[in-house]
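Results of the structural survey
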Amino acid sequence: MSKQYNISLLPGDGTGPEVVNEAVKVLKATSADYGVEFIFSNNDLGGDRYLSSGELVTDQDIEQLKNADAVLLGAIGHPGVKPGILEQGILLKLRKEFDQYINLRPVVLYPGVETPLANKKPEDINFVVVRENTEGLYAGAGGYIHYGTENEIATQESINSYYAIHRCIKYAFEYTKNNNRKKITLCAKTNVLTYAHDLWERIFYDVAKDYPEIETDYGHVDAVCMWMVKNPEWFDVIVTDNMFGDIITDLGAMIQGGMGIAAGGNINPEGVSMFEPIGGSAPKYTNQNAINPLACVGAAAMMVKQLGEEKYADNIEKAVIDTAIKLDSLSAGKMGMTTGEVGDAVVNSLQNFND
Ligand code: IPM
Ligand code: MN
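All residue numbers refer to position in the chain's written sequence, counted from 1. Key to labels: chains lettered from A, ligands numbered from 1, both in the order written. Given that the model is predicted, a residue must reach a pLDDT of at least 70 before its local features are reported, and side-chain atom pairs must reach 80 or more before they are shown or counted; all residues, however, enter totals for whole chains, interfaces and linings. In computing side-chain properties, one takes all heavy atoms of the structure into account and sets aside hydrogens as well as water.

1. Examining the domain arrangement of the chain
Split into domains, the chain comes out as domain 1 (1–100 + 271–355) and domain 2 (115–256). All domain edges in this entry derive from an automatic or database-based domain assignment. With centres defined by C-alpha atoms, the gap from domain 1 to domain 2 works out at 25 Å. Domain 1 puts seven residues into the contact, and the matching count from domain 2 is nine residues. Interface of domain 1 and domain 2: buried area, both sides summed, is about 680 Å²; carbon and sulfur atoms make up 38% of it. What makes a salt bridge here is a side-chain nitrogen of Lys or Arg within 4 Å of a carboxyl oxygen of Asp or Glu, nothing more. At the surface where domain 1 touches domain 2, the tally comes to one salt bridge. We note a salt bridge from Asp99 to Arg167, for which the minimum N-O separation is 2.9 Å. Counted as a polar contact is a pair of N or O atoms within 3.5 Å, where, for protein atoms, one must be capable of donating a hydrogen and the other of accepting one, and residues adjacent in sequence contribute only when both atoms are in side chains. Summed over the shared surface of domain 1 and domain 2, the number is three residue pairs in polar contact (both at pLDDT 80 or more). Its residues placed into classes, the side of domain 1 that touches domain 2 shows two nonpolar, one polar and four charged. The criterion used for residue contact is that any of the two residues' heavy atoms lie within 4.5 Å. Here's the idea: put two parts together, see how much 1.4 Å probe accessible area each one loses, and the total over both is what we call buried area. Residues are grouped as follows: Ala, Val, Leu, Ile, Met, Phe, Trp, Tyr, Cys and Pro are nonpolar; Asp, Glu, Lys and Arg are charged; all remaining types, including Gly, are polar.

Structure (structure tokens):
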């Protein structure tokens, strides 16, 4: 009897459906080899639905996603919709609704993949960012007074609760321990954010007491950006707040070879988690069979790992590495293969591990 998992697919906008297709192709072709069966359900939320019906996330969507064991998202972002509406109304709404309080973003340079950092090798770029995913500047606290006048004042507050910081930092230490990593760096700005990040720092060193075997380190966010370029080998696990995590993981995606390969997970360890390639909807490449699906396949591997199928997840990742080496470039349109061929190559490589 195989193990069954209900997966909700949110292909979304632009090239999202194409990359999700390839991830699903890979899972469908190989799951039986691991005693797993995926039951996929599709949901059409995204820019097109919003433009035709005005709907963002409905109660019905929430009900559907609630019953999933995990969610795989393609991309949200549509050139016909004003920036902010879909991001707030769909992506951030889902993260919040399902209390996906961790945004986990590995920054790993695979062998054979080009990094813009001179003289850096796969052994130098291999770390994971644990980003708090529910509050900070993303909490939506703030407002305007005197809107639209020259007296206008706008505020946007960073919300930092003991509860959210503590569970994020605890997750980071547990992640470090369970994944055989050795060191955690707190990335913050304690010299300026003397209240909010002071709280982060106190909680960080407090939680660290329960993990004497894990080395701790601290870096101000600006210095962390510098070291990510100059000495990325210093990092193993980085834990940080929502805004800084957003920024440093785009930098991370670039040093690991670009958006074509960077995957992430919005994780609620006790609930429904949602996995996504972090590259966005790339509208200009829509339906050209030219977008790189490896980031989405990588996101699917993270999903499979979160479901508890470690061996299967590891092999998907190995197949992604195998395939990345075969591409001329990771960028859309320059891969030397079509989107569909990249998916096929991952399937082939995965099937070889099982021969
Ligand atoms: C990301 C994205 C989102 C974020 C946007 C689209 C709201 O940049 O997932 O990193 O800022 O979290
Ligand atoms: Mn971002």
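So much for the structure itself; the text now carries on.
2. Points about the layout of surface pockets
Put plainly, a pocket is an open set of points on a 1 Å grid over the protein atoms alone with protein on both sides within 12 Å along at least five of seven lines, a cavity is a set where a 1.4 Å probe fits but cannot get out, and a lining residue has an atom within 4 Å of a point. Grid points are joined across faces, edges and corners, and a volume is the space filled by probe spheres set on the points. Approximately 810 Å³ is the volume found for the largest pocket. Around the largest pocket, the lining is made up of 31 residues, and of these Leu104, Tyr175, Asn179, Met302 and Lys305 lie nearest the centre. Here a strand is any run of E in DSSP of at least two residues, a helix any run of H or I of at least four, and the numbering for each starts at the N terminus. For the lining of the largest pocket, the secondary-structure elements that each account for two or more residues are β4 (102–108), β5 (126–132), α5 (162–178), β11 (263–267), α9 (294–306) and α10 (310–326). The residue makeup of the lining of the largest pocket, split by class, is 17 nonpolar, six polar and eight charged.

3. Quick word on the pairing of strand β12 (residues 273–277)
One face of the sheet, then the other: side chains in a regular strand alternate in exactly this way. Relative accessibility thresholds used throughout: buried, under 20% of the residue-type maximum; exposed, over 50%; partly exposed, between the two (1.4 Å probe, protein chains only). Counting buried residues in β12 gives five out of five residues, a clear majority hidden from the surface. Burial along β12 is two-sided: Ser273, Phe275 and Pro277 facing one way and Met274 and Glu276 facing the other are all buried. With three bridges connecting them, strand β3 (residues 70–75) and β12 associate as parallel partners. Residue pairing across strands places Val71 opposite Met274, the latter belonging to β12. Should DSSP find at least two bridges between two strands, the strands are regarded as paired.

4. Let's talk about the packing of helix α7 (residues 221–230) against helix α8 (residues 242–255)
The axes used here are C-alpha line fits, helices contributing only the stretch in contact, and every angle between their N-to-C directions lies in the interval 0 to 180 degrees. At their nearest, the axes of α7 and α8 sit 10 Å apart, and the two run at 10 degrees to each other. Of the possible angle classes, the one that applies to α7 and α8 is roughly parallel. Listed contacts from α8 to Val221, Cys225, Met228 and Val229 of α7 are Phe244, Ile248, Leu251, Gly252 and Ile255. For the contact of α7 with α8, the residue count by class is eight nonpolar, one polar and no charged. An angle counts as roughly parallel when it lies under 35 degrees, as roughly antiparallel when it exceeds 145, as roughly perpendicular when it falls between 65 and 115, and as oblique in every other case.

5. With respect to helix α11 (residues 339–353)
A helix's residues, less one, multiplied by 1.5 Å, set its expected span. The terminal C-alpha atoms of α11, which comprises 15 residues, lie 22 Å apart, in line with the 21 Å expected from a rise of 1.5 Å per residue. Residues Thr339, Gly340, Val342, Gly343, Ala345, Val346, Val347, Ser349 and Leu350 constitute the buried set of α11.

6. Focus on the site of ligand 1
Note on terminology: near, applied to a residue and a molecule or strand, indicates that one of the residue's heavy atoms is within 4 Å of it. In the vicinity of ligand 1, the contacting residues are Glu87, Leu91, Arg95, Arg105, Arg131, Tyr138 and Asp246. Here an oxygen atom of ligand 1 sits 2.8 Å away from a polar atom, N or O, in the side chain of Arg105. Reported accessibility uses the Shrake-Rupley method at a 1.4 Å probe radius. Residues are deemed covered only where the shown protein chains occlude them. When ligand 1 is considered free in solution it has 320 Å² of accessible area, and contact with the protein chains removes 74% of it. Broken down by element, the shell around ligand 1 gets its largest block of residues, three residues, from helix α4 (residues 85–97). Its residues assigned to classes, the shell around ligand 1 comprises two nonpolar, no polar and five charged.

7. Things to note about empty space enclosed by the protein
Tallied over the entire structure, the rule returns one cavity of 30 Å³ or more. Its volume calculated, the largest cavity comes out at about 70 Å³. Taken together, Leu92, Arg95, Lys96, Asn133, Thr134, Tyr138 and Asn242 make up the lining of the largest cavity. Broken down by element, the residue count for the lining of the largest cavity peaks at three residues, all from α4. For the lining of the largest cavity, the class distribution of residues is two nonpolar, three polar and two charged. When residues of the lining of the largest cavity are assigned to domains, at least three fall in each of domain 1 (1–100 + 271–355) and domain 2 (115–256).

8. A word on the sheet that holds strand β10 (residues 237–240)
The sheet built from 10 strands is open, its strands ordered β2-β1-β3-β12-β11-β4-β5-β10-β8-β9 with mixed pairing. The open sheet has two edge strands with one neighbour each: β2 (36–42) and β9 (215–220). Neighbour to neighbour, the strand axes of the sheet diverge by 25 degrees on average, direction disregarded. Strand direction decides the pairing type here: β4 and β5, joined by seven bridges, are antiparallel. Bridged to Leu104 within β5 is Val130. The strands touched by α7 are β5, β8 (183–188), β9 and β10; relative to β9, the strand with the most contacts, the crossing angle is about 105 degrees. Sheet strands touched by α8: β4, β5, β8 and β10. Its angle to β5, the strand with the most contacts, is close to 155 degrees.

9. Examining unusual backbone geometry
A positive phi angle, near 55 degrees, is found at Asn180, a position not held by glycine. Structurally, Asn180 is set in the loop between α5 and β8. Look at Asn180 and you get exposed, because its relative accessible area is 60%. One non-glycine residue, Asn289, lies in positive phi territory at about 60 degrees. Examined against the element boundaries, Asn289 turns out to sit in the loop between β12 and α9.

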